[in-house]
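# A structural walkthrough
This is what each chain is made of:
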Amino acid sequence: MATLWPAQAQNYQGKTLVEPRLIADTTQVQAGKPFRVGVLLKMAEGWHTYWRYPGDSGLPTKIEWTLPPGFVAGELQWPAPTVDNEDGGLQVYVYSGEVLLFATVTPPKDWNGTPVEIGAKASWLVCEKLCVPGKAELQLTIPGNQENRAEFERYEKRIPERAPSLKVEWKSTGKALEFFIAGPIGDGSETNYFPNPPDGVLVGHPTLQQTGNGLTVTIPLLDGSEPAKKIPGVLQTADGSFIEMVGEKTPSATQATPASTSSLTLLPALLFGFIGGLILNLMPCVLPVISLKMFSFVKQAGESRQRVFRLGLAFAGGMFAWFLGIGVVLLILRSTGREISWAQQFQNPWFNIGIAVLIFLFALNLLGVYEITLPGSATTKLDDTGDGYGGAFFQGVFATILGTPCTAPYLGTTLAFALTQPAPALLSVFAAIALGMSAPYLLLCANPGWMRFLPKPGLWMVRLKEFMGFLLLATLLWFVWIVGRQLGIDAIVFLGALLLLCGLGAWIYGAFLTPVASPGSRRFGVIALLVVLGGIAVTLGWFRPVKETPVGQKSFAAELDRALAGERIVFVDFTADWCLSCKVNKRVAIDSAAVQQVFREKNVLFLEGDWTNGDPEITRVLKQYGRAGVPLYLIYPADRSRPAVVLPELLTPQTVLDALGRL
């Protein structure tokens, strides 16, 4: 008999929002004979979960199966959804009341007939006026005491029919795709089309028009969308049947694209990437490290031309290594079906904790707490005393790590384009950005004679080096604040303890483990350093970060819906705590007295889209406007029939005032 494990209902303020169950359509499993299992979600009245393509907001339900060895699960079956038109003109595809998402499981032909245990990890987003994420781990043992064939048969009727005998003609009208189906499909008021666009293809709301000899479906393509020849989806006909429409994405970005002023091809993207990388040197994120590099140039001014040039190449190599490395990581993530975006590593608090430790150790080095020394032979080979090739390479990597949170002008749309391209194009654009960012240093190193304009070396360099250490400590404060915003006050205490132990370890290394230290001092230093490392391990084991969406937190889409439901001008600031250029724009432009005065005069409603920990709804809006990351600034006019105004990445008060003045 099948055993259904206790369901894990999702409760919110004493109300059950979703009751999940794992069910099967059989009570007996036979070798080689397929059967079906599914996750049945029962939603509270007025609440809904989302289809595989949620529409303008929301998230699709995810299910991960755990099967016995040799068992194979087929594709997840999605019953056709219903359309929900929400406030603000948003359209979503949802399930209300109840839905069964299921798959066919095939046992091996040599299965021995022992009881079968099946697991399912399900996660969903359930929404009404607010959205609440939910998840459950369900298990089922077969044989069981109940056959649920009726539930499967009921939802099987809403599974779209594949390969129907219909004559379908697709064509592009520039900013939209249309297909025509000849024959009686039904009255247009009773038919629907649920689009399921592939990644990178952004679509608007389909419209359907019934004519005398067939049905025409028009699907708008939004600005920033990749070109496409067809948009897959599900057509609901008037007789209640559902037809799976197979789509086809245009294989190459160089082929015909819809007429759109915001479309981008590879060659302009490479140029914009180079210019954006060049401007990235002026962003506040990288200034602490760039100043260190200028300090190195001063030291190198008296060295040979060849050595100076090689140091410049090593610095540029660090930049290329980081950009291409992050490109490869993004490609790997994309291949697994995950959403990718620029600077998303800063959404991981552990990454920020690691960078904070790195900055702290770097600052202690500049302040003279310790020096990195290698054995003589290694030093000769690597010349890695912090000012050699290894040090220059590391500085290049470090500069780009700190520069990643910023998106300079030209970079926003360029990165959005690159992240949707095949691997060669994506890596080419990232290499162009690295070339642009490293170009000034390569030019300076190729012409070391220009360094004569720099100050002569002297004691002032030691003081400047120590001062740079304090600049890095200021950068460290920024990361401590970011980690605190992501994980709370406990994380700040944890990070403080971790930095204290790392600082103690650096001091022990610099005081007792130098090449000139006595054997007794070195033995003491090794023992003390091991004790400190043990303390670091205990600290890391003690702290468990928690990064979950608080239950009951309103979704960004819901907040935007409510804002757009009114008649006020809406200013949306898409930002993140780790985005320093976002903070500079906020302080210099948005919070300026002149802009705030106009906000009051025009009764502007200010809304913030916080992307610090990542938010799929905000990511969707960023993609819709052709951006791969923050900042993004949108101004929605009070006349909702007019499109939103997109402001540039770098703001001045006058930029905002001019945009508001045109409304």
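Rules used throughout
- Residues numbered from 1 in each chain as written.
- Predicted model: local features only at pLDDT ≥ 70, side-chain atom pairs only at ≥ 80, totals over all residues.
- Heavy atoms only, no water.
- Pairing = 2+ DSSP bridges.
- Helix = DSSP H or I, 4+ residues; strand = E, 2+ residues; numbered from the N terminus.
- Axes fitted to C-alpha atoms, helices over the stretch in contact; angles between N-to-C directions.
- Parallel < 35°, antiparallel > 145°, perpendicular 65-115°, else oblique.
- Left-handed = near helix turned anticlockwise from the far one by under 90°.
- Contact = heavy atoms within 4.5 Å.
- Nonpolar A, V, L, I, M, F, W, Y, C, P; charged D, E, K, R; others polar.
- Buried < 20%, exposed > 50% of the residue type's maximum accessible area, 1.4 Å probe, protein only.
- Core = buried A, V, L, I, M, F, W, Y, C linked by side-chain atoms within 4.5 Å.
- Phe/Tyr/Trp six-rings, centres within 6.5 Å; stacked < 30°, edge-to-face > 60°.

Let's shift gears to the sheet that holds strand β14 (residues 176-182). An order of β13-β14-β17-β16 is seen for the four strands of this open sheet, with the pairing classed as antiparallel. Every interior strand has two partners, whereas the edge strands, β13 (168-172) and β16 (207-211), have only one. Strand after strand, the sheet turns through a mean of 20° between neighbouring axes, direction not considered. Taken together, the five bridges between β13 and β14 define a ladder with antiparallel strand orientation. Across the sheet, the residue bridging to Ser172 is Leu177, located in β14.

Two elements in contact, helix α11 (residues 489-512) and helix α12 (residues 519-542), have axes separated by 9 Å at closest approach and are oriented at 170°. By the criterion of interaxial angle, the relationship of α11 to α12 is roughly antiparallel. Handedness of the α11/α12 crossing: left-handed. Residue-level inspection shows Phe494, Ala497, Leu498, Leu501, Cys502, Leu504, Gly505, Ile508 and Phe512 of α11 in contact with α12, the latter providing Ser521, Arg522, Phe524, Gly525, Ala528, Leu529, Val532, Gly535, Ile536, Thr539, Leu540 and Trp542. Its residues assigned to classes, the contact of α11 with α12 shows 15 nonpolar, five polar and one charged.

The next subject is unusual backbone geometry. Of all residues except glycine, most have a negative phi; of all peptide bonds, most are trans. The omega angle of the peptide bond from Ile142 to Pro143 is 15°, so this bond is cis rather than trans. Inspection of the secondary structure assignment puts Pro143 in the loop between β12 (131-142) and α1 (149-156). A positive phi is found at Asn603, a non-glycine position, where the angle reads about 55°. Inspection of the secondary structure assignment puts Asn603 in the loop between α15 (593-601) and β21 (605-610). With relative accessibility at 42%, the residue Asn603 sits in the partly exposed group.

Moving on, we get to the nonpolar core. If you look at the biggest cluster of nonpolar residues, it comprises 97 residues, and the most contacted ones within it are Phe430, Phe571, Val572, Phe574, Val630 and Val656. Considering each element in turn, this core owes the most residues, ten residues, to helix α5 (residues 349-366). Residue contacts for Val572: discarding those within four places in its chain leaves Phe556, Leu560, Leu607, Leu632, Tyr633, Leu634 and Tyr636. If you look at the next biggest cluster of nonpolar residues, it comprises 62 residues, including Ala24, Leu100, Val126 and Tyr155.

Turning our attention to the packing of aromatic side chains. According to the stated counting rule, one finds 17 aromatic pairs in the structure shown. Ring centres 5.5 Å apart and planes at 50° place the aromatic pair Phe571 and Phe599 in the tilted group. In this pair, Phe571 is assigned in strand β20 (residues 570-575) and Phe599 in helix α15, connecting sequence segments 28 residues apart. For the pair Phe571 and Phe599, a shared accessibility class is recorded, and that class is buried. Here a set of aromatic residues connected by ring pairs shows up, and it is made of Trp51, Tyr53, Tyr93 and Phe194.

A separate point is helix α16 (residues 616-624). Along α16, the residues that are buried comprise Glu617, Ile618, Thr619, Val621 and Leu622. In this structure, the buried side of α16 is in contact with β11 (116-127), β12, α13 (556-565), β20, β21 and β22 (632-636).

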